[in-house]
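# What the coordinates show
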Amino acid sequence: MAFLLIVAFPWLGAHARAAERPPRVLMLHAFNYMFPATTVVGDAARKRLLERSPRKLDIDGEFLDLARPSNPGHEDRVVSFLREKYAHSPPDVVMTLGSLALPFIVKHRDAIAPSVPVVFTNISPATYSASRAPSDITGIITEFNFDKTLALAEALQPDARQVVVIAGSAVVDRRWQVEARKTMETRGRKFETTYLFELSYDALVVELARVPRNAIVIVLTVFADGTGKTFVPAEVATALAALSPAPVYSPYDTYLGNGTVGGFIETFESVGVAAADLTLEIIAGKGPAALPPRTNPGQAYRVDFRAMQRWNLREGNLPAGTIVLFKEPTLWDQHRNLVIAAICISALQTGVAGALLIQRRRRQRAETLLKESEERMTFTAASANLGLWQFDRGTNELWATEHSRALFGLGDDVPLTREAFLAAIHPEDRGTAIASLSNASSVIRSAVADVRVVREGDQRWIRIRAHTPPDNRGTPTQLSGIFVDITEQKTAEIETALQRQEVAHLMRVSVLGELSGAIAHEINQPLTAIQSNAETGLDLLAAASPDLAELRDVLQDIVDDNHRASEVIQRLRNLLKKGEPKLVAIDVNELVTSTLALLNNELISRRISVKLDLTSALPTAIGDPVQLQQVLLNLVVNAMDAMASTPPTQRLVTVSTSMTQADAIEVRVKDSGPGIQPAEACRVFEPFYTTKPHGLGLGLAICSTIVEAHGGAVELSNDDAGGAVARLSLPARSVLIAAQ
């Protein structure tokens with residue numbers, strides 16, 4: 001049992017520690033602070049984390065300085081430093097910034113932050129595949145596309161026949177060398193290609209000066225030159241772009257704006273934002289293994305308009321969708337906007353003047369009518385503690401009693417207008433109020449909307465009732481209605497809902513407690529099989545010539561049994577957790593099979609057979625899967641309990657699904673017990689009524705409440721063939737959508 005707890009609930013311990021202190025994020029920069037790329041990524045990620053995190057975060061950063069050549073002991077010293085520094089305050093998530101940081105953390109994570117999830121950035125697909133990272137290491141796949149950058153250069157320089165590619169001698173530089181050679185080979189003999197790789201910086205400058213003016217120059221990265229001297233790639237690109245006799249291109253965001261024409265670029269800021277969002281999902285409780293690496297959608301062709309003008313490159317040759325930066329508006333654009341603005345202002349002034357004249361006439365008439373109505377209704381409203389109001393659609397004018405002002409917390413100096421009342425409503429409820437008032441003219445009965453109003457720090461619930469009486473021609477022109485304070489009613493409803501959720505959760509825990517022995521056996525079976533298969537595998541490995549095919553089968557059995565145990569534990573966690581109901585699309589057949597799988601060993605121990613009759617191609621329902629599984633679990637357990645006195649050979653539970661004539665999904669749970677006594681039939685859904693010796697009498701009452709909240713119904717009756725049958729009906733998803 002101790003081993004089971006260690007395997008099944010490590011995540012609970014992590015959450016308990018996280019509740020004691022703010023989550024900590026450790027950013028590991030592959031390079032030092034002089035490299036702008038990872039600095040931009042880190043700054044964007046830090047800003048995003050602080051903006052989007054619902055609670056306080058502790059964010060630390062370390063510079064690994066892995067790009068520059070160093071003595072063999074540098075990496076070991078960095079590992080020792082990080083291990084000691086974060087031994088007493090380990091991070092909850094590690095973010096790696098830069099391509100060299102991922103291999104570093106894969107190699108040394110056990111020493112620095114054991115079992116801590118990792119989110120990487122700036123990793124190409126090839127680098128990620130080569131890293132062989134564990135499943136709890138995820139991140140943002142970045143593809144600095146040399147091929148598309150070359151395609152941009154070809155579009156802008158269609159007559160170019162020579163390509164010059166520049167890269168240094170560091171680890172990252174050499175990866176680019178391989179990528180560049182592969183891409184140029186796909187071009188065949190279209191270009192004469194010159195590779196300026198691993199030269200000293202001085203030799204690189206000399207060779208670049210000899211490049212013809214109509215050539216294409218692509219600068220990749222120069223972290224180190226041929227002599228081992230280290231550089232900041234962005235600074236090298238800026239210097240080479242200024243010296244080059246031909247246009248210079250690059251796939252890096254930090255090079256753009258400093259002399260290069262552009263390329264197929266993914267901004268480092270968007271990488272940081274995407275990595276931060278992934279980190280927040282992990283901090284919120286999602287397992288990193290369930291969050292596969294993502295590709296940042298922020299890639300696009302980007303060019304510097306100033307560099308294009310320097311090399312006389314035509315904007316019309318740019319690929320569709322290219323983002324043009326640093327472009328000043330032309331005189332025509334400025335003049336055209338002024339003309340359009342002048343026309344709009346003139347038309348607006350004319351329209352406003354005409355509207356004011358019309359509004360003035362209508363206002364005089366409306367003021368007379370409103371004054372007469374106010375005198376008639378003020379006394380009635382004050383006596384009934386109601387706020388009365390009337391709104392004229394034609395004039396957009398609102399009349400309301402003084403008690404309406406008090407209900408919405410409007411001061412004496414605030415005019416009673418539609419906008420003033422809407423501004424007093426909670427922002428989340430304004431849309432509800434507007435929609436209800438808009439639909440008032442299309443319904444026969446009064447439109448009703450319940451909204452929240454915050455008055456001096458105190459939140460109140462106000463019910464708005466609106467009715468549109470037609471005029472003599474049948475055209476609705478006015479809205480009238482009342483405001484009612486329903487705060488006490490809403491408070492009672494919220495408290496009742498919370499209590500109902502707590503009771504439902506306690507009932508799930510109670511049922512699972514009764515089934516604890518069967519559940520333990522359900523988990524113990526795959527664990528025993530795993531141990532047996534592992535011992536068999538060890539025996540096979542001990543042989544002089546092990547049978548690899550048989551060994552593979554043994555390992556596959558271990559994987560399958562592990563998945564089986566994991567699924568049981570996940571189902572238990574879903575049933576035990578608390579939280580607000582979540583409405584999702586539900587496959588009812590899958591819900592039935594997963595519930596029976598949870599009860600499998602209990603059914604076996606009670607010697608009960610199960611017959612399934614599931615209709616294929618059922619439509620999906622909409623609801624909370626945990627709550628609906630609780631209903632099914634309760635109905636099946638009741639069927640099992642009802643057969644306690646039935647001979648074992650006759651104990652049968654039949655579960656079937658079908659569609660009713662009313663387009664509802666029906667689940668039937670039938671037992672072979674003695675059935676329901678006539679005196680009990682009318683009381684089975686009453687709270688605290690039970691026929692079980694140790695029952696609480698809440699199971700069916702809670703099931704009924706849950707199903708009714710989902711728009712369905714549950715019935716319990718005797719079957720003509722003997723035994724009792726429970727019918728659970730739920731509206732199909734398509735029916736609910738059509739009703740809305």
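Attention in this report is confined to the structure presented alongside it.

Let's shift gears to the packing of aromatic side chains. Overall, the coordinates contain 10 aromatic pairs when judged by the stated rule. The interplanar angle of 35° and the centroid separation of 4.8 Å between the aromatic rings of F31 and F223 together place this pair among those described as tilted. Of this pair, F31 sits in the loop between β1 (24-29) and α3 (36-52) while F223 sits in the loop between β8 (216-219) and α10 (233-243); the two residues are 192 residues apart in sequence, bridging distant segments of the chain. Overall, the relative accessible area of 6% leaves F31 in the buried class. For F223, a relative accessible area of 7% translates into the label buried. Arranged with centres 5.3 Å apart and planes meeting at 35°, the rings of F120 and Y128 form a pair that is tilted. The class of Y128 is partly exposed, set by a relative accessible area of 22%. Following the ring pairs from residue to residue traces out a cluster consisting of W176, Y252, Y255 and F268. The aromatic ring of Y195 is capped on one face by R181, whose charged end is 4.4 Å from the ring centroid. Between the NZ or CZ atom of R306 and the centre of the ring of F326, over which it lies, the distance is 4.0 Å.

This part covers the packing of helix α4 (residues 74-85) against helix α5 (residues 101-112). The geometry of α4 relative to α5 is characterised by a closest axis approach of 9 Å and an angle of 40° between their N-to-C directions. One element, α4, and the other, α5, form an angle in the oblique class. When you trace α4 past α5, the crossing you get is right-handed. Judged by residue contacts, E75, V78, V79, L82 and R83 of α4 engage F104, K107, H108, A111 and I112 from α5. Looking at the contact of α4 with α5 residue by residue, the class counts come to 6 nonpolar, 1 polar and 3 charged.

A few words on the nonpolar core. F146, I166 and V217 are the most contacted members of the largest nonpolar core, which totals 102 residues. Broken down by element, the residue count for this core peaks at 9 residues, all from helix α11 (residues 268-283). In this structure I166 touches L196, F197, L204, L208, V217, I218, V219, L220, T221, V222 and L240, once residues within four positions along its chain are discounted. Listed in part, the 34 residues of the second largest apolar core include L596, L599, L633 and V655.

Read from one edge to the other, the open sheet built from 4 strands follows the order β7-β6-β8-β9, with strand pairing classed as parallel. Each having just a single partner strand, β7 (192-197) and β9 (248-249) make up the two edges of the open sheet. Where strand β6 (residues 162-167) meets β8, 4 bridges bridge the pair, whose relative direction is parallel. Looking at the pairing, V165 lines up with I218 of β8.

Right, let's talk about the environment of G42 for a bit. Among the secondary structure elements, G42 is positioned in helix α3. G42 gets classed as buried once you look at its relative accessible area, which sits at 5%. Separated by 227 residues in sequence, G42 and E269 have C-alpha atoms that sit 8.4 Å apart. When sequence neighbours within four positions are dropped, the list of residues in contact with G42 reads M27, H29 and L97.

To continue, consider the pairing of β8. The two faces of β8 match: I216 and I218 on one face and V217 and V219 on the other face are all buried. Taken together, the 2 bridges between β8 and β9 define a ladder with parallel strand orientation. In the strand pairing of β9, I218 is matched with Y249. Handedness of the crossover joining β8 and β9 through α10 is recorded here as right-handed.

Below, the discussion takes up the side chain of T267. Inspection of the secondary structure assignment puts T267 in the loop between β10 (262-266) and α11. On the basis of relative accessibility, which here comes to 17%, the residue T267 falls in the buried class.

As a further point, take the pattern of salt bridges. One pass over the full model with this rule turns up 18 salt bridges. Measuring nitrogen to oxygen at the nearest pair gives 3.0 Å for the salt bridge that ties K327 to E315. Linking K327 in the loop between β13 (323-325) and α13 (331-384) with E315 in the loop between α12 (305-310) and β13, this pair joins segments that are 12 residues apart in sequence. Judged by its relative accessible area of 38%, K327 is partly exposed. Using a relative accessible area of 33% as the deciding quantity, one classes E315 as partly exposed. What emerges from the salt-bridge pattern is a single network uniting D147, E154, R187 and K190.

The next subject is the sheet that holds strand β24 (residues 713-718). What the 5 strands build is an open sheet, ordered β20-β22-β23-β25-β24; its pairing is mixed. Either end of the sheet is taken by a strand with one partner, and the two such strands are β20 (609-613) and β24. With direction set aside, neighbouring strand axes in the sheet form an average angle of 15°. Note that β24 and strand β25 (residues 724-731) share 6 bridges and pair antiparallel. Residue pairing for β25: A713 is matched across the bridge by S729. Here helix α22 (residues 625-642) sits on the sheet and contacts β22 (652-659), β23 (664-670) and β25; the angle it forms with β25, its principal contact strand, is near 170°.

We now examine unusual backbone geometry. Its identity as a non-glycine residue notwithstanding, S115 has a phi of 65°, on the positive side. Tracing the backbone shows S115 in the loop between α5 and β4 (118-123). Although it is not a glycine, E198 adopts a positive phi angle of roughly 60°. Tracing the chain through its elements places E198 in the loop between β7 and α9 (201-209). Relative accessible area serves as the criterion here: at 32%, E198 is assigned to the partly exposed category.

Conventions we followed
Residues numbered from 1 in each chain as written. Predicted model: local features only at pLDDT ≥ 70, side-chain atom pairs only at ≥ 80, totals over all residues. Heavy atoms only, no water. Phe/Tyr/Trp six-rings, centres within 6.5 Å; stacked < 30°, edge-to-face > 60°. Helix = DSSP H or I, 4+ residues; strand = E, 2+ residues; numbered from the N terminus. Buried < 20%, exposed > 50% of the residue type's maximum accessible area, 1.4 Å probe, protein only. Lys NZ or Arg CZ within 6 Å of the ring centre and 35° of its normal. Axes fitted to C-alpha atoms, helices over the stretch in contact; angles between N-to-C directions. Parallel < 35°, antiparallel > 145°, perpendicular 65-115°, else oblique. Left-handed = near helix turned anticlockwise from the far one by under 90°. Contact = heavy atoms within 4.5 Å. Nonpolar A, V, L, I, M, F, W, Y, C, P; charged D, E, K, R; others polar. Core = buried A, V, L, I, M, F, W, Y, C linked by side-chain atoms within 4.5 Å. Pairing = 2+ DSSP bridges. Right-handed = clockwise from strand over helix to strand, strands pointing away. Salt bridge = Lys/Arg side-chain N within 4 Å of Asp/Glu carboxyl O.

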